[in-house]
Amino acid sequence: VLLGSPGCSIFFGRSGGPVYLSPVPGRAERIREDYEEVRRVLFEREFVARFARWARERDLEFRLQAHGGYGDYLDTYAISDVPESEGLFGGGGFDFLKLAASAAHVADRKWASSESFITLRLFGTRLSDEEMRLLAGRAYSAGINRLVFHGVPYPYRRADGEEWYPFSGGFGRILAGPLPMSSNINDSALAELGDFNLFLGRLSVAMSEGEPAAEVAWLRADPVYPDEASLQLGRIEPRAGESPTTRSLRARGLVHDRISRRMLSRAQIGGGGDGDFKIGARTYRALVIDSLATAEPALVERMASLAQSGVPVIALGALPDRAPGLRNAQSRDARVRKAVERLEARVLRVSGGENLEGLLRQHVPSDVVEPLPGKTLSISIDRRRSPAGDILFLFNESWSATNSALRFTRSGGPLTLLNPRTGNRTILRENVQAGDTVTINLEAAESLVLTLAAAASPPSLLEPGAFSPDGS
């Protein structure tokens, strides 16, 4: 069962709603906050959660696109069995795709999917093979591990010879309102579709093994994500719309999950080692927090406790000076200010992108790979962990080839490289010691899978048959 996104309710970052007026300074704003909180609770509890229960009672898998709804997107995604993102909302950017994957990780769901291979473009209705690989790699690098073709999975003609479109067709094109879309898989693409689906299948198998692993939990203060058009004038632009924080985390080889206010409020200190903390099913070693104008007392108190326990807490902007809402405002505001005083004594402040990279370098070591001293990484990394070892997805989101030098922070072996386009695997090293460096060559928009076995593991983390060239 799938619920699609009611994206028109928050289109291009705009939303409507009641406006409250009051002569008392700040009162109208607090009333608006209460209204939005009640609306969020009712949407999540009385609609989405009720639908999830209905589906599970009937042994149905509940797949959900939460974006465009009235809840906190991260919390709403997490209610479903399969949180699903898409390639049109939010410009189809990495930061947006990361939300559904993060919710799946925290809620311990095996799959995070995306309705993919779709853009709005003025010329042509078909993405090139290279663009398809780039969009796939972007999704997998964000933690998505199941892709669904948007719109037209194959060409279809009616009995009268006219081509059929699932959307309003016109002038021989696929249209979304007045704008043409790129979802058409025409006859010329059909011959390549089998090999491309094998490529996707191999990546899906690899990136659903074990459990997701990340060093950093990054609080998203805003419960929603602003929409923007995935409008292409030429070929797809690599890394369009990415945030500076995402670029800084990537430069250090760090994997992150986005978390909601509610998720962080329930964080548990410990769970993996000194300075670690647990959110839902996942364990992290550092916390990054968005700028916060307001926050519930319990949230700020939990952040302060994490910082005092030794967790690196990095603030990207202002800390809150009050609680949201009108009820018991005075006492709740006082609790927020008291907790902020505790947090201020420990928090690490960011004054710019370069400063953030420095703080990450100093306080957040990578679990598996990092750049060489004084260098940064340009490739995207996602990671899974199993008792047999680590699985790293490497992706070059660029239209140019690149060589990436990876310095290992732990020992293990063998070190194996899988090419998901061919299914071929190569043993790069029989063993790796902490501090060893391996250089990986990636073509433009290329995806590779690197596996590092635990010291006492069998030679391979993944079954060879899953990746044989014929797909057997």
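Conventions used here
- Residues numbered from 1 in each chain as written.
- Predicted model: local features only at pLDDT ≥ 70, side-chain atom pairs only at ≥ 80, totals over all residues.
- Heavy atoms only, no water.
- 1 Å grid on protein atoms, 1.4 Å probe; cavity = no way out; pocket = protein on both sides within 12 Å on 5 of 7 lines; lining within 4 Å.
- Points joined across faces, edges and corners; volume = space filled by probe spheres on them.
- Helix = DSSP H or I, 4+ residues; strand = E, 2+ residues; numbered from the N terminus.
- Core = buried A, V, L, I, M, F, W, Y, C linked by side-chain atoms within 4.5 Å.
- Buried < 20%, exposed > 50% of the residue type's maximum accessible area, 1.4 Å probe, protein only.
- Contact = heavy atoms within 4.5 Å.
- Salt bridge = Lys/Arg side-chain N within 4 Å of Asp/Glu carboxyl O.
- Pairing = 2+ DSSP bridges.
- Axes fitted to C-alpha atoms, helices over the stretch in contact; angles between N-to-C directions.
- Parallel < 35°, antiparallel > 145°, perpendicular 65-115°, else oblique.
- Left-handed = near helix turned anticlockwise from the far one by under 90°.
- Nonpolar A, V, L, I, M, F, W, Y, C, P; charged D, E, K, R; others polar.
- Expected span 1.5 Å × (residues − 1).
- Patch = residues over 30% accessible without salt bridge, like charges linked within 9 Å, V, L, I, M, F, W, Y side chains within 5 Å.
- Areas by Shrake-Rupley, 256 points an atom, 1.4 Å probe, with all protein chains shown as cover.
- Phe/Tyr/Trp six-rings, centres within 6.5 Å; stacked < 30°, edge-to-face > 60°.
- Lys NZ or Arg CZ within 6 Å of the ring centre and 35° of its normal.
- pLDDT = per-residue confidence, 0-100.

A.B. asks: Would you mind going over empty space enclosed by the protein in detail, with residue names and values included?
C.D. replies: Counted by the stated rule, this structure contains three cavities of 30 Å³ or more. Phe-94, Arg-250, Leu-254, His-256 and Ile-381 are, among the 13 residues lining the largest cavity, the residues nearest its centre. Within the residue set of the lining of the largest cavity, elements represented by two or more residues are helix H3 (94-106), helix H6 (244-251) and strand E21 (380-386). The leading source of residues in the lining of the largest cavity is H6, at three residues.

A.B. asks: Which residues make up the nonpolar core, and what are the values?
C.D. replies: Judged by nonpolar contacts, the single largest core of 102 residues is most densely connected at Leu-264, Ile-279 and Leu-287. Top element by residues in this core is H3. It accounts for nine residues. If near-sequence neighbours (up to four positions away) are discounted, Leu-264 is found in contact with Leu-219, Ile-259, Ile-279, Leu-287, Leu-299, Arg-302, Met-303 and Leu-306. In this structure, Val-216, Leu-254, Leu-356 and Leu-360 belong to the second largest nonpolar core, which totals 12 residues.

A.B. asks: Can you lay out the environment of Val-350 for me, pointing to particular residues and giving the numbers?
C.D. replies: With respect to the helices and strands, Val-350 occurs in the loop between strand E19 (348-349) and helix H10 (353-363). Between the C-alpha atoms of Val-350 and Ala-315, which are 35 residues apart in sequence, the distance is 6.1 Å. For Val-350, the contacting residues outside a window of four places in its chain are Ile-314, Ala-315, Leu-316, Asn-355, Leu-356 and Leu-359.

A.B. asks: A description of the pattern of salt bridges should follow, citing residues and the corresponding values.
C.D. replies: Applying the stated criterion across every chain yields a total of 32 salt bridges. The salt bridge involving Arg-32 is made with Glu-36; its shortest N-O contact spans 2.8 Å. Placement of the pair is Arg-32 and Glu-36 together in helix H1 (residues 27-57), with a separation of four residues, close to one helical turn.

A.B. asks: Break down the pairing of E21 for me, with residues and values.
C.D. replies: Most of E21 is tucked away, with five of its seven residues classed as buried. Pairing of strand E10 (residues 211-212) with E21 involves two bridges; the strand directions are antiparallel. Bridged to Pro-212 within E21 is Arg-384. Where E21 and strand E22 (residues 389-395) come together, seven bridges link them in antiparallel fashion. Pairing of Arg-385 across the sheet is with Asp-390, part of E22. Here E21 folds back onto E22, and the loop between the two strands holds two residues.

A.B. asks: Explain the packing of helix H8 (residues 297-308) against helix H9 (residues 329-344) to me, and be specific about the residues and the numbers.
C.D. replies: Contact geometry of H8 with H9 gives a least axis separation of 8 Å together with a crossing angle of 15°. Between H8 and H9, the angle is such that the two are roughly parallel. Judged by the sense of rotation from one axis to the other, the crossing of H8 with H9 is left-handed. Residues Pro-297, Ala-298, Val-300, Glu-301, Met-303, Ala-304, Ser-305, Ala-307 and Gln-308 of H8 form the contact with H9, whose participating residues are Arg-332, Arg-335, Val-336, Ala-339, Val-340, Arg-342 and Leu-343. For the contact of H8 with H9, a count of residues per class yields 10 nonpolar, two polar and four charged.

A.B. asks: Describe H8, naming the residues involved and giving the relevant values.
C.D. replies: The first and last C-alpha atoms of H8 sit 16 Å apart over 12 residues, in line with the 16 Å expected at 1.5 Å per residue. Of the surrounding elements, those touching the buried residues of H8 are helix H7 (261-265), strand E14 (268-269), strand E15 (277-279), strand E17 (286-289), strand E18 (313-315) and H9. At the exit of H8 stands Gly-310, carrying a positive phi of roughly 110°.

A.B. asks: Account for a nonpolar patch on the surface, naming residues and giving values.
C.D. replies: Together, Leu-122, Phe-123, Leu-231 and Leu-233 make up an exposed nonpolar region whose accessible area comes to about 440 Å². Tracing the sequence through the fold places Phe-123 in the loop between strand E5 (120-121) and helix H4 (129-141). Accessibility expressed as a relative area gives 64% for Phe-123, which makes it exposed.

A.B. asks: Outline the side chain of Ser-404, listing residues and values.
C.D. replies: Tracing the chain through its elements places Ser-404 in strand E23 (residues 402-408). The exposure class assigned to Ser-404 is buried, which follows from its relative accessible area of 4%. What Ser-404 contacts, discounting residues up to four positions off in sequence, is Leu-377, Ile-379, Val-438, Thr-439, Ile-440 and Leu-442.

A.B. asks: How would you sum up the packing of aromatic side chains? Please name residues and give values.
C.D. replies: A full pass over the atoms with the stated rule returns 14 aromatic pairs. Each member of the aromatic cluster is reached from another via a ring pair, and the members are Tyr-73, Phe-89, Phe-96 and Tyr-225. Directly above the ring of Trp-111 sits Arg-146, whose terminal nitrogen or CZ lies 4.6 Å from the centroid. Lying over the aromatic face of Trp-218, Arg-258 brings its terminal NZ or CZ to 3.5 Å of the ring centre.

A.B. asks: Pulling in residues and values, what's your account of the sheet that holds E14?
C.D. replies: Pairing within the open sheet is antiparallel, and its three strands lie in the order E14-E15-E16. Bordering the open sheet on either side are E14 and strand E16 (282-284), each of which pairs with just one other strand. Of the pairings in the sheet, the one linking E15 to E16 comprises three bridges and is antiparallel in character. Bridging from a neighbouring strand, Phe-277 pairs with Tyr-284 of E16.

A.B. asks: Can you break down the environment of Arg-327 residue by residue, with the values?
C.D. replies: Topologically, Arg-327 is positioned in the loop between E18 and H9. Considering only alpha carbons, one finds Arg-327 and Arg-30, 297 residues apart in sequence, at a separation of 8.9 Å.

A.B. asks: Outline the confidence of the model for the protein chain, listing residues and values.
C.D. replies: When pLDDT is averaged along the protein chain, the result is 89, and 88% of the positions lie at 70 or above. In this model residues 6-13 is a low-confidence stretch, pLDDT under 50, and it forms 22 contacts with partners more than four residues away in sequence or in other chains. In this model residues 468-472 is a low-confidence stretch, pLDDT under 50, and it forms 12 contacts with partners more than four residues away in sequence or in other chains.

A.B. asks: Describe in detail the sheet that holds strand E27 (residues 447-453), supporting the description with residues and values.
C.D. replies: With respect to topology, six strands assemble into an open sheet ordered E10-E21-E22-E27-E24-E25, the strand pairing being antiparallel. Edge positions in the sheet fall to E10 and strand E25 (425-429), since each has one partner strand and no second. Where strand E24 (residues 415-418) meets E25, four bridges bridge the pair, whose relative direction is antiparallel. Across the sheet, Leu-417 pairs through a bridge with Thr-426, a residue of E25. Contacts between helix H5 (residues 187-206) and the sheet are confined to E21, E22 and E27, with E27 contributing the most and set at about 30° to the helix.

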